[in-house]
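Examination of the molecular architecture
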2 protein chains.
Amino acid sequence: MKFVILKNKLLDNLNYVSKALSSKTLIPVLMGIKFELNEKGLTLLASDTDISIQAFIDKKDIASINNAGSIVIQGKYIVEIIKKMPNTLIELEVVDNYNLVISAEDSNFNLHGMNPNEFPDLYMEKTKEPLVLSCNTLKEIINQTLFASSVDESRPILTGLNLKISNGVIDAIATDSYRLAKKEINIDIDSSVNINIVIPARNLLELCKIIGDEENLELHLFNNKILFHWENILFQSRLLSGKYPATSDIIPNDFAISLEVSYTKLYEMIDRVSLLTSEKDKNIINMKLNNGELNISSNSPEIGRALEKLDVDNDNSINISFSSKYMLDAIKSFGTEKILLLMNTDVTPIILKSEQDSSLTQLILPIKTY
Amino acid sequence: MKFVILKNKLLDNLNYVSKALSSKTLIPVLMGIKFELNEKGLTLLASDTDISIQAFIDKKDIASINNAGSIVIQGKYIVEIIKKMPNTLIELEVVDNYNLVISAEDSNFNLHGMNPNEFPDLYMEKTKEPLVLSCNTLKEIINQTLFASSVDESRPILTGLNLKISNGVIDAIATDSYRLAKKEINIDIDSSVNINIVIPARNLLELCKIIGDEENLELHLFNNKILFHWENILFQSRLLSGKYPATSDIIPNDFAISLEVSYTKLYEMIDRVSLLTSEKDKNIINMKLNNGELNISSNSPEIGRALEKLDVDNDNSINISFSSKYMLDAIKSFGTEKILLLMNTDVTPIILKSEQDSSLTQLILPIKTY
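Structural notes, computed from the coordinates. Residue positions are given per chain, counted from 1 along the sequence in the order it is written. Just so you know, chain letters begin at A and ligand numbers begin at 1, following the order they were written in. Where totals are concerned, whole chains, interfaces and linings use all residues; where local detail is concerned, this predicted model gives features only for residues with pLDDT of at least 70, and gives and counts side-chain atom pairs only at 80 or more. Here the side-chain values reflect all heavy atoms present in the structure, with hydrogen atoms and water set aside.

**Section: the sheet that holds strand S12 (residues 169-175) of chain A**
Residue and element names in this part refer to chain A. What makes two strands pair is DSSP finding at least two bridges between them. A helix here means a DSSP run of H or I that spans at least four residues, while a strand means a run of E at least two residues long, and both kinds are numbered starting from the N terminus. Strand order in this open sheet of 8 strands is S14-S11-S12-S13-S25-S24-S23-S18, and the pairing throughout is antiparallel. Each edge of the open sheet carries a strand with a single partner, namely strand S14 (195-200) and strand S18 (257-262). Adjacent strand axes in the sheet meet at a mean angle of 20 degrees when their direction is disregarded. Note on definitions: a residue-residue contact is assigned when non-hydrogen atoms from the two residues lie within 4.5 Å. Whenever a helix is involved, its axis is fitted only over the stretch in contact; in every case the axis is a line through C-alpha atoms, and angles between N-to-C directions fall within 0 to 180 degrees. In this fold helix H3 (residues 135-145) packs onto strand S11 (160-166), S12, strand S13 (179-186) and strand S25 (357-364), with an angle of close to 160 degrees to the strand it touches most, S13. Lying on the sheet, helix H4 (residues 201-210) is in contact with S11 and S14; it crosses S14 at an angle near 80 degrees.

**Describing the relation of the copies chain A and chain B**
Take chain A, turn it by 180 degrees, move it 0.0 Å along the axis, and it overlays chain B with an RMSD of 0.0 Å. Both copies are brought into coincidence by an operation consistent with a two-fold rotation axis. Looking at the rotation axis and the C-alpha trace of chain A, the residue lying nearest is A:Ser23, at 16 Å. Looking at chain A, 100% of its interface residues are interface residues in chain B too, so the copies touch through the same face. Here the copies are matched by least squares. The fit uses the C-alpha atoms of residues with pLDDT of at least 70 in both.

**A short note on helix H6 (residues 324-332) of chain A**
Residues and elements named next belong to chain A. Burial classification: accessible surface area is computed with a 1.4 Å probe over protein chains only, and a residue below 20% of its type maximum counts as buried, one above 50% as exposed, and the rest as partly exposed. Along H6, 7 of the 9 residues are buried, which leaves the element largely enclosed by surrounding structure. Along H6, the residues that are buried comprise Ser 324, Tyr 326, Met 327, Leu 328, Asp 329, Ala 330 and Ile 331. Two N or O atoms count as a polar contact when they lie within 3.5 Å, although within protein this holds only if one can serve as hydrogen donor and the other as acceptor, and sequence-adjacent residues are included solely when both atoms are side-chain atoms. With a side-chain oxygen positioned 3.3 Å from the backbone nitrogen of Lys 325, the residue opening H6 is Ser 323.

**Quick notes on the packing of helix H1 (residues 7-18) of chain A against helix H2 (residues 75-84) of chain A**
Residues and elements named next belong to chain A. Contact geometry for H1 and H2: axes closest at 9 Å, N-to-C directions at 150 degrees. By the criterion of interaxial angle, the relationship of H1 to H2 is roughly antiparallel. Relative to H2, H1 is oriented so that their crossing is left-handed. Facing H1, whose interface residues are Lys 7, Leu 10, Leu 11, Leu 14, Asn 15 and Ser 18, H2 presents Ile 78, Val 79, Ile 82, Lys 83 and Lys 84. Amino acid classes used here: Ala, Val, Leu, Ile, Met, Phe, Trp, Tyr, Cys and Pro are nonpolar; Asp, Glu, Lys and Arg are charged; the rest, including Gly, are polar. Across the contact of H1 with H2, the residue classes break down as 6 nonpolar, 2 polar and 3 charged. Comment on the angle field: the value is read as roughly parallel under 35 degrees, roughly antiparallel over 145, roughly perpendicular from 65 to 115, and oblique elsewhere. In this scheme, a crossing is called left-handed if the near helix is turned counterclockwise away from the far one by less than a right angle; it is called right-handed if the turn is clockwise.

**Observations concerning the packing of helix H5 (residues 263-273) of chain B against helix H6 (residues 324-332) of chain B**
Residue and element names in this part refer to chain B. Between H5 and H6, the least distance of the axes is 10 Å, while the angle of their chain directions is 155 degrees. It follows that H5 is roughly antiparallel to H6 by the angle criterion. Here H5 runs over H6; the crossing is left-handed. Contacts from Tyr 263, Leu 266, Tyr 267, Ile 270 and Asp 271 in H5 reach Ser 324, Met 327, Leu 328, Ile 331 and Lys 332 in H6. Across the contact of H5 with H6, the residue classes tally to 7 nonpolar, 1 polar and 2 charged.

The quantities given are spatial measurements derived from coordinates; they are silent on function.
Dropping the structure here:
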């Protein structure tokens, strides 16, 4: 393998695939990035077995291709070296048995590599009929729901995002069983498409870090994995197996109390009151609505207490407690000026919606304090 | 104690003193900030016994002073609460036995405090004849030398900066016994002043974080402590006791080799080569000067090797090894375009100087590799 390429072209693509590098792995070769050069261009590939990312650099973006070939190079070093190289043409050449020589101007590196045949086959093939989504839609879905997924591995299925598509509607749900986020949007898709999968939340976070703003991306679906494809990048994630819990009955349709509040006011009140709560006490705060006044308060026997008041145009009454952290997460997911708090009793779910964005529903279970 | 003050006025000063808060301490009261209000103004005080910081807010910057008094409040909470308060006037009042009520608009906090009499007396008095230095001079001294001090507590005296003043010259030295940084500047000071103290490096770092750009500051010297005073702030640090090692004989006066190199070139070459070194191998790299060519290289049996070349106008020869980390630290301390490397043999110190800034000297001991 021997080729010459502009530093930044190589670096950009190394940065993409390096997101899939294993930091700790039982398979040493997976600490590396696989370079594979042929007359069509250069393929870079990395995988931690959970995520695999491939970037293809077309021959038109390579200054010269002298010899085809391949090698696996420790990811950490190659990325750092290319990053610090002068901003110019760089030559990469494999010499005697898996050594990679990297040279530019007066800089010369000789790195020990690994046998590319030891790199596992990741089968990053595409299907014939991918779904097409705009990157922005996918990012919005992820940003508005993913935070509600579980980090507790005792119920692995809840560590994923449940993505359902049917009748031309995408329905994305994340829940850790104490709260739930649901995003429902119409998309331009064949109404016969019927999909129900669970994608690990962690992998979607990584995906979000590298997809851009402009393009569409393709979703290629398989039994146990999903492949995202945009521009020159393939991003493959395993799927979680098992049945995602049915959640459609959890969100009530009718509410005794519907309270509309300014996003900013509500966020700031809860943010301040939460200062006197702690993770170990579930960040519990209390909300009381009475006589047109909303009181939000916290009480920590060791530290002190906080109380925030807001006049509201509402004559209902309720006294309900919940996690301030969950409530702040839920509020933050809305980008709108006003938020609707929908409630029935102090032991039934609190629902957050917004009249300006009907696609999003947030649910938080109250906490009993007596 | 009861007063009303603009949020930002209080927050700015809380931020100053909070730099001295103990995160872990055997003395609970030192996790707090002491508020002391009288008719002249408000004094804030915090200490981790190593550093003590006091900020005084004059009565002209306080909207109203209703009752004098004092209290100690957990630092972590009061700073966070004031930070998140609306940007308006805030009222603070001590009520029944060391509780502090903080209120603004519709926000109300009630924090448990501590008895101010339990707060240790820190004796932050001033001397009659302080030294006066510009903040910029002090910051320059600290930034150019402090990194060379030791982090190893086995020789405590080396964890400090040795500051000597005599004959109108300041001489600041830091060394961890493998490298040494020395800054020597003339200042406008009575030539009879004779000082030789060692200030903990950690404390000077904290000082650097809070001193501004413009003002002068006063240095008030005591047997076992130093007090810095600028604007409304007092910053007190203990001094290290013991004799700082004599270093004047360590820096040679004559050199067989004097090599002038571009700052940027030298830094980038060493930075790249250092990628293939590791802390556990002392970040060792090799520098070879021969036939007008400077070669800098590293070799890591497990990873690979790196070589950087630079043509120089110098016909000396040397082959010398040293820590790339120490060399990068030393280079970085210069703000000049060119750097002078001064050497004699491969086992004697490497000296870095700059013709554009003669006040600074960096010394690095070479490492034997055979």
